[in-house]
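So you can see what is in the structure, the chains are spelled out below.
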Amino acid sequence: MGTGGNGEKAAPALPLEALLALGLDQRTAENALVNSKVTANLAAVIAEAGIKECDKSVGNLLYAVATKYPTNALVHRPVLIKYVLSTKIKNPAQLDAALSFLTNTGPDSLDVEKFEEACGVGVVVSIEEIKSTVTDVLEENMEAIKEQRYHINVGTLCGQVRKRHPWGDAKAIKEEIDKRLAEILGPKTEADNIKPVKKKKEKPAKVEEKKVAVATSAPPSEEELNPYTIFPQPEENFKVHTEIFFSNGNIWRAHNSKEILEKHLKATGGKVMTRFPPEPNGYLHIGHAKAMFIDFGLAKERNGHCYLRFDDTNPEAEKKEYIDHIQEIVHWMGWEPYKVTYTSDYFQALYEHAVELIRRGLAYVDHQTGDEIKEYREKKMNSPWRDRPIEESLKLFEDMRRGLIAEGAATLRMKQDMQNENKNMSDLIAYRIKFTPHPHAGDKWCIYPSYDYAHCMVDSLENITHSLCTLEFDIRRPSYYWLLVALGLYQPYVWEYSRLNISNTVMSKRKLNQLVTEKWVDGWDDPRLLTLAGLQRRGVSSTAINSFIRGIGITRSDNSLIRVDRLEYHIREELNKTAPRTMVVLRPLKVVITNLEEGKVLDLDGKMWPDASDTDASAHYKVPFSRTVYIEKTDFRLKDSKDYYGLAPGKSVMLRYAFPIKCTDVIYGDNPDDIVKIRAEYDPLKTSKLKGVLHWVAEPTPGIEPLKVEVRLFEKLFMSENPAELENWLGDLNPHSKEVIKDAYAVPSLASAVLGDKFQFERLGYFAVDTDSTPEKLVFNRTVTLRDSFGKAGPK
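Residues numbered from 1 in each chain as written. Predicted model: local features only at pLDDT ≥ 70, side-chain atom pairs only at ≥ 80, totals over all residues. Heavy atoms only, no water.

As recorded in an unreviewed UniProt entry, the protein goes by the name glutamine--tRNA ligase, listed as coming from Urochloa decumbens. Reading the Catalytic activity (unreviewed entry) entry of the UniProt record for the protein gives the comment "tRNA(Gln) + L-glutamine + ATP = L-glutaminyl-tRNA(Gln) + AMP + diphosphate". (UniProt positions renumbered as here; feature names shortened; annotations may be inferred.)

Encoded structure:
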């Protein structure tokens, strides 16, 4: 058996059956085998466990060990596996605590006593303890319980109990709370069954509390009304807001001279000039929506202009497909560029400035390899060619331009400050040789400028007033201004804002590209991705995205993670007002109405809007009601209960916009679990006492199936809130992120739906027509559920 570069033995190949024997579901097992690193880790864990099969609960924990185990504590993995196999660690909460403990322990010797204490080994929480703590928690929340009754957030109550008993049985806690609430509140009233309209606030919690404490709400701040007030006017750009410190004690204070600023203002007419500068090497994601909101939004608010500038300095990664997509998506987001430009439009000017930089003794041609440059930077050592004569560098740079020097044999580097504490001042590369035709500039050039050289230069050449970028570029600010000061060019005002990080997804283009190229998703516009194309295909509008962006603000806050639920809130808020209601049954269960005569079809009215007037025909759609109707399989149970509002034998429910029906008989297939259909009677006078209302679809004509549609249900793409932090981030993919239901039933009026149409499927969520739809069969994507359920119950 061979060994890897780190001396560890290479893991043997795993058959699919080996993973299924662990209790993993088919999709998870298949995904694991595609990823060589996950496969190797699983093989190692199985070998250390010395087992061939196990219970599903144990197998899932072993899978989590394989995909999440901290690499700095590998020496302790066999010990953890023994705890899992012996069920001393038996639930995800214990495992997470164990992994956290081991991360901090690293390769040091394991303190078994502290380890077991940290992850609750041997801790038994009795039902009496749970009951006692539930009593305490309910008493502490009694005022809210009596006020909100059954609308109280049970998840929050459970969380308070779990905080005191982290290793207690979650199911037992929930059951005890439900039982006690029923005792306290008694039977549910009609008001309890009405779902409250919840309004989320965009302000931080501490601000909300202040508002509650006063009689009237304080008016919104100027910044809330206009987030762009934080930016100065163009004529103010003569102040020093960046100092460039050198290792020899020198300081450059970057600012525009009076003459340079006056020349700039004359060229722009004093207008605000911004730019949105994407690199055309992939599709844009929601983080770019924030950049657009700031770049285009500031220009629009100040009656200025915003360029769409393609940062196309790397011909190997750029495609026309990406350029076309970016222009389309910018327009879809509601922004109109002043001009569409390319960094490559300025290649000649950039080259001439590079020659001038050499002449001033501030650039040189270098022959170090990439590895050598890295090594010398780490040691703060000058390149052997740093002090070569100016004339020699000029000649060599000309040779580079003419293609007389081999690719990789030379670069042009800026002569900055190799001893600087800021690595972005360590003689950054300005030009490199690439014998690759450029998609926009053609084959004129074989030397291409770097981002660090070109970005600030083109900002200056385009007279950009506000150069706005994300906080990770803050450290590059000295090198940005170094080049402009060195050449005596106009200097834009630079300001950095926090980048947008959203939970349960990845935002890096490299990771997104990997998901697409390795086919973990169905392309750049996969509705599970937070690419703008994916959101558009899923049915999200640009106005909902921009509303979300405005809500989170554009200040230099910390780089915190925004929960995806917050985006979904804005999506729901809009769709609730704009998406007409209709009915679709995902998993049909046949119901035969025995007291409705054969062949009879009643033409009923369904409401497209909840508050529509009964006399407004345009706000209604036709719903046929016939002897054969279909309800959701999940809306029928053989055993009824007090908290169940679906159909059961002997029980009545209301069919939305129709009549009450009562289940009179259940018809089984070949086994007791196979319910073929149910029989029911309807109450034409609507006198039945009812607890629930169900959506349904009927045969439009006796013996003719309802309209068949395909429905795609999406959940969060990753299980963890921040998968980008995980070493094995692909192992965190949610195996239930997509479910395709090919034969759902829909009301006849949906047959006329076209691309761009959006609906609320009653009780199911908001849906949009997908691009895969054909005249023969419509396909709908679930845009968002009616309310968030992922965090409470896991993916479904």
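Caption draft 1: Molecular detail of the overall build of the protein. Within the protein, the secondary structure is distributed over 27 helices and 29 strands. With respect to the three principal axes, the spread of C-alpha positions in the protein is 100 × 70 × 60 Å. The buried share of the protein, reckoned over its 796 residues, is 49%. At a minimum sequence separation of 6, the contacts of the protein that also span at least 24 residues come to 70%. Carbon together with sulfur atoms contributes 51% to the accessible area of the protein, which is approximately 38,700 Å² in total. (Helix = DSSP H or I, 4+ residues; strand = E, 2+ residues; numbered from the N terminus. Buried < 20%, exposed > 50% of the residue type's maximum accessible area, 1.4 Å probe, protein only. Contact = heavy atoms within 4.5 Å. Areas by Shrake-Rupley, 256 points an atom, 1.4 Å probe, with all protein chains shown as cover.)

Caption draft 2: Structural view of the environment of Ala-172. By secondary structure assignment, the location of Ala-172 is in helix α11 (residues 170-185). With a relative accessible area of 17%, Ala-172 lands in the buried category. Separated by 456 residues in the primary sequence, Ala-172 and Thr-628 have C-alpha atoms spaced 41 Å apart. Residues in contact with Ala-172, not counting those within four places in the same chain, are Ile-127 and Ile-130.

Caption draft 3: Up close: the packing of aromatic side chains. The tally for this structure, following the rule as stated, stands at 31 aromatic pairs. A centroid spacing of 5.7 Å and a plane angle of 40° characterise the contact between Tyr-451 and Phe-473, whose relative ring orientation is tilted. Taken together, the positions of Tyr-451 in helix α21 (residues 451-461) and Phe-473 in the loop between β10 (466-470) and α22 (477-487) put the pair 22 residues apart, joining distant regions of the chain. Overall, the relative accessible area of 22% leaves Phe-473 in the partly exposed class. Put simply, the rings of Phe-347, Tyr-351, Phe-397, Tyr-431, Trp-445, Tyr-448 and Tyr-453 pair up and form one aromatic cluster. (Phe/Tyr/Trp six-rings, centres within 6.5 Å; stacked < 30°, edge-to-face > 60°.)

Caption draft 4: Helix α10 (residues 154-164), seen in detail. Residues of α10 that are buried: Val-154, Leu-157, Cys-158 and Val-161. With its buried residues spanning 100° around the axis, α10 presents them on a single face. As for α10, its buried residues are in contact with α8 (127-140) and α11. Among the residues of α10, the N-terminal cap falls to Asn-153, whose side-chain oxygen and the backbone nitrogen of Gly-155 are separated by 2.9 Å. (Arc of directions from axis to C-beta. Polar contact = N/O pair within 3.5 Å; in protein donor to acceptor, adjacent residues only side chain to side chain.)

Caption draft 5: Representation of the packing of α10 against α11 within the structure. Packing of α10 against α11 leaves a shortest axis separation of 10 Å and a crossing angle of 125°. It follows that α10 is oblique to α11 by the angle criterion. Handedness of the crossing formed by α10 with α11: right-handed. Note on element contacts: α11 touches α10 through Ala-170, Ile-173, Lys-174, Ile-177, Asp-178 and Leu-181, opposite Val-154, Leu-157, Cys-158, Val-161 and Arg-162. Looking at the contact of α10 with α11 residue by residue, the class counts come to 8 nonpolar, no polar and 3 charged. (Axes fitted to C-alpha atoms, helices over the stretch in contact; angles between N-to-C directions. Parallel < 35°, antiparallel > 145°, perpendicular 65-115°, else oblique. Left-handed = near helix turned anticlockwise from the far one by under 90°. Nonpolar A, V, L, I, M, F, W, Y, C, P; charged D, E, K, R; others polar.)

Caption draft 6: Highlighting the sheet that holds strand β9 (residues 447-449). Taking strand neighbours across the sheet as the criterion, the 4 strands line up as β6-β7-β8-β9 in an open arrangement whose pairing is antiparallel. Of all the strands in the sheet, the pair left with one neighbour each is β6 (363-366) and β9. Direction aside, neighbouring strands of the sheet carry axes that sit 20° apart on average. As judged from the 3 bridges shared by strand β7 (residues 411-414) and strand β8 (residues 429-433), these two strands associate in the antiparallel manner. Across the sheet, Thr-411 pairs through a bridge with Arg-432, a residue of β8. Contacting β7, β8 and β9, α21 runs over the sheet at an angle of about 60° to β9. (Pairing = 2+ DSSP bridges.)

Caption draft 7: Molecular detail of the UniProt feature "domain: tRNA synthetases class I (E and Q) anti-codon binding" (unreviewed entry) in the protein. UniProt feature "domain: tRNA synthetases class I (E and Q) anti-codon binding" (unreviewed entry): in the numbering of this structure it lies at residues 693-770. Taken end to end, residues 693-770 has its terminal C-alpha atoms 29 Å apart, with 0% of it in helix and 38% in strand.

Caption draft 8: Layout of unusual backbone geometry. In this structure, Arg-149 takes a positive phi of about 50° despite not being glycine. Tracing the sequence through the fold places Arg-149 in the loop between α9 (142-148) and α10. If you check the backbone angles, Asn-504 has positive phi at about 60° while not being a glycine. Turning to its location among the elements, Asn-504 is positioned in the loop between β12 (501-502) and α23 (509-517). Given a relative accessible area of 6%, Asn-504 falls into the buried group.

Caption draft 9: Looking closely at the side chain of His-620. By the element assignment, His-620 lies in strand β18 (residues 620-626). Here His-620 falls in the buried class, since its relative accessible area comes to 14%. Among the polar contacts made by the side chain of His-620, one reaches the main-chain carbonyl oxygen of Asp-616 at a distance of 2.7 Å.

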